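Coordinate analysis (summary)
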Amino acid sequence: MAMPTSSKYVIIGAGIHGLSTAWHLAEKLKASGKGSGEDIVVLDKSGIAAGASGIACGVVRNNYFQPAMRELMAHSVNVWEENAEAFSYNAVGYMQISPESMHEDCAEIHRQQQDIGYESDFIEGKDECMSYMKNIFSDWQAKGITNILHEKKGGYANNTKAIYGLAEKAEGNGVRIITGVTVTGFDSDNGSSAIKGVVTDKGTIECDEVIIGAGPWAKTFWDMLELPKSVNIKAQDGTIHKDIDMWRYWALEEGVLGVEPDFLMDNDGKMPPVIHVDTDEPLISDVDGSVITDKMWGIYYKPDFHFNGVQGGAMPYEVKTPADKIEIDPYGPDSPEFIVDDNFAHFWTSALAFCQKRFEGQVVKYRNEPSGGLGCFTPDSFPVFDKFRENVTFIADSNHGYKMIGVGELIAREVLGEKTSLLEPFRLSRYEAGKLHPVSNSPFPWS
């Protein structure tokens, strides 16, 4: 495809956010008579689903302690459900299985899910939880569980199939997706901070609006636009924490157990919900009986025919290297540094065995292949959706990306001049104003 010299809208990133935005923006332009998908170009330096969207586990859930996140995710779940076949979406539900330390948090999530009409059941008590889980899996054996939040909506999508489904919807509306093009900078408009051109290694594209949905490369484009490297954050007690780094990286740990996906069918021979277990019980090695950890830990897992096995992951770990010194490329499985190792395989398979007897002794079936990737996180690990430089809309998802397929529809509205209440709690200004999202007791930074 020939490189254009101009396009009204230039979207950077051919992953979940870039393609969802392109699809919805094209439809809204046509419906309003203000244009069409032919006014939109999507650029990606590699290819469709070449970044985090292409390696994501694909879990879709509403289990958030933060009211703003729950409402945003409910909107996204609707998009998944309305396009289930196109996006290879499996509506199997999602289970948050927790210890007493998370009981109050999960009870509050359940109450507020009822308030917004998001269907879920909440089970309380050790005996009641064990009975509930054994009705799903007869070999359930996880100890120390006192509450279960069972979301009847949600589930997971087959990662690359969903992204290619988005690409088809965008291209079907006239959007041009151009891959193998690296954005190297931006040209500013004379006399203002607005961007008048996106500079690439194939030439400059003049534009009216820029939308950035670059996932783990968020910091790269933030720096190109000369946006603040740090923020001041007002705490609940009024204390101002100054010069907090805007970006940090966490390494994501996921893997696949090489069994048939139907190895994890439920008691009725059906696909079970996505399972997420957090616990403060000691994790004992399924290999040698040693104590792997006596601190809070968590895992998630599901049978997945796309990965051809049981796929899942564990808590990420924060990368201590300063963000400016992180080499994000090569990304994902191609990274020489940020991929899982034997310690993860030992941890995750032992955790699976903690949960269900069928996983005991299965570590030998762990698929020893490169997996994992980097996530680019904001100071509070929640997204920033905002407009900068007059005409640049920035989608910084803080590793919530894949499940947030509905954000593209909201961003499309805002690009066309309509402010949306669902995105309002995620402006950059929340840090200095002290309008922060509440923090849960989960061992995961994004919950």
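1. A short note on the overall build of the protein
Across its full length, the protein holds 10 helices and 23 strands. The C-alpha atoms of the protein give 22 Å as radius of gyration, which agrees with the globular expectation for 447 residues (22 Å, within 12%). Seen through its C-alpha atoms, the protein measures out along the principal axes to roughly 65 × 50 × 45 Å. Counting every position in the protein, which comprises 447 residues, the buried fraction comes to 58%. Restricting the contact set of the protein to residue pairs at least 6 apart, pairs at least 24 apart contribute 76%. Entry remark: accessible area of the protein is about 17900 Å², with carbon and sulfur atoms responsible for 46%. Taking the average location of the 40 positive side-chain charges in the protein and that of its 65 negative ones, the two points are 3 Å from each other.

2. Let's talk about the nonpolar core
Here is a general trend for soluble globular proteins: nonpolar side chains tend to be buried in one another's company. Ranked by size, the top nonpolar core spans 50 residues in total, and within it L19, I40, W80 and F385 carry the most contacts. Broken down by secondary-structure element, the contributors of at least two residues to this core are β1 (6-12), α1 (16-32), β2 (40-44), α3 (67-82), α6 (159-172) and α9 (407-415). Considering every element that reaches this core, the biggest residue donor is α3, with eight residues. The residues touching W80, leaving out its near neighbours within four places in the chain, are I16, V60, F87, Y89, A157, A162, Y402, K403 and I405.

3. Looking at the pattern of salt bridges
Inspection of the entire model under this criterion finds 21 salt bridges. Measuring nitrogen to oxygen at the nearest pair gives 3.9 Å for the salt bridge that ties K295 to D294. Pair check on accessibility: K295 and D294 agree, each one exposed. Between R413 and E418 there is a salt bridge; the shortest N-O distance is 3.4 Å. Salt bridges sharing partners connect three or more residues here, namely K28, E409, R413 and E418.

4. What to know about helix α4 (residues 103-115)
The first and last C-alpha atoms of α4 sit 19 Å apart over 13 residues, in line with the 18 Å expected at 1.5 Å per residue. For α4, the full list of buried residues reads H103, D105, C106, A107, I109, H110 and Q113. Looking at the packing, one finds that the buried side of α4 touches α3, β5 (94-98), β6 (120-124) and β7 (147-151). Of the residues trailing α4, G117 is marked for its positive phi of about 75°.

5. Quick notes on the sheet that holds strand β8 (residues 155-157)
Taken together, three strands build an open sheet; the order of strands is β3-β8-β4 and the sheet is antiparallel. Either end of the sheet is taken by a strand with one partner, and the two such strands are β3 (59-60) and β4 (89-90). Of the pairings in the sheet, the one linking β4 to β8 comprises two bridges and is antiparallel in character. Counterpart to Y89 in the pairing with β8 is A157.

6. Things to note about the packing of aromatic side chains
Counted under the stated rule, the structure contains 18 aromatic pairs. Pairing W222 with F394 gives two aromatic rings, centres 5.2 Å apart and planes at 80°, and the pair type is edge-to-face. A residue pair is termed long-range when its members are at least 10 positions apart, and W222 in helix α7 (residues 218-224) and F394 in strand β23 (residues 392-396) qualify at 172 residues. As far as the burial class goes, W222 and F394 line up, both buried.

7. Overview of the environment of N308
Within the secondary structure, N308 is located in the loop between β19 (297-304) and β20 (309-318). Taking the relative accessible area as the measure of exposure, N308 reaches 42% and is therefore partly exposed. Not counting residues within four places of it along the chain, the set of residues in contact with N308 comprises V259, P261 and R367.

8. Here we look at unusual backbone geometry
Between D329 and the following residue, P330, the backbone shows a cis peptide bond with an omega angle of 0°. Here P330 lies in the loop between β20 and α8 (342-355). Despite not being glycine, A49 has its phi angle at roughly 60°, a positive value. Looking at where A49 falls in the secondary structure, it is placed in the loop between β2 and α2 (52-55).

9. Remarks on the sheet that holds β5
Spatial strand order, β6-β7-β5-β16-β19-β20-β15-β21: eight strands in an open sheet with mixed pairing. Every other strand in the sheet has two partners, leaving β6 and β21 (373-377) as the edge strands with one partner each. When strand polarity is set aside, the average angle formed by the axes of neighbouring strands in this sheet is 20°. Inspection of the sheet shows strand β15 (residues 248-257) paired to β21 by five bridges, in the antiparallel sense. Residue pairing across strands places W250 opposite G375, the latter belonging to β21. Most of the contacts of α4 go to β6, to which it runs at about 150°, and overall it touches β5, β6 and β7. Contacts from α8 reach β15, β16 (274-279), β19 and β20 within the one sheet, and its direction differs from that of β19 by about 80°.

Rules used in this analysis
Residues numbered from 1 in each chain as written. Predicted model: local features only at pLDDT ≥ 70, side-chain atom pairs only at ≥ 80, totals over all residues. Heavy atoms only, no water. Helix = DSSP H or I, 4+ residues; strand = E, 2+ residues; numbered from the N terminus. Rg over C-alpha atoms; globule rule 2.2 N^0.38 Å. Buried < 20%, exposed > 50% of the residue type's maximum accessible area, 1.4 Å probe, protein only. Contact = heavy atoms within 4.5 Å. Areas by Shrake-Rupley, 256 points an atom, 1.4 Å probe, with all protein chains shown as cover. Lys, Arg positive; Asp, Glu negative; His and termini not counted. Charge placed at Lys NZ, Arg CZ, Asp CG, Glu CD. Core = buried A, V, L, I, M, F, W, Y, C linked by side-chain atoms within 4.5 Å. Salt bridge = Lys/Arg side-chain N within 4 Å of Asp/Glu carboxyl O. Expected span 1.5 Å × (residues − 1). Pairing = 2+ DSSP bridges. Phe/Tyr/Trp six-rings, centres within 6.5 Å; stacked < 30°, edge-to-face > 60°. Axes fitted to C-alpha atoms, helices over the stretch in contact; angles between N-to-C directions.

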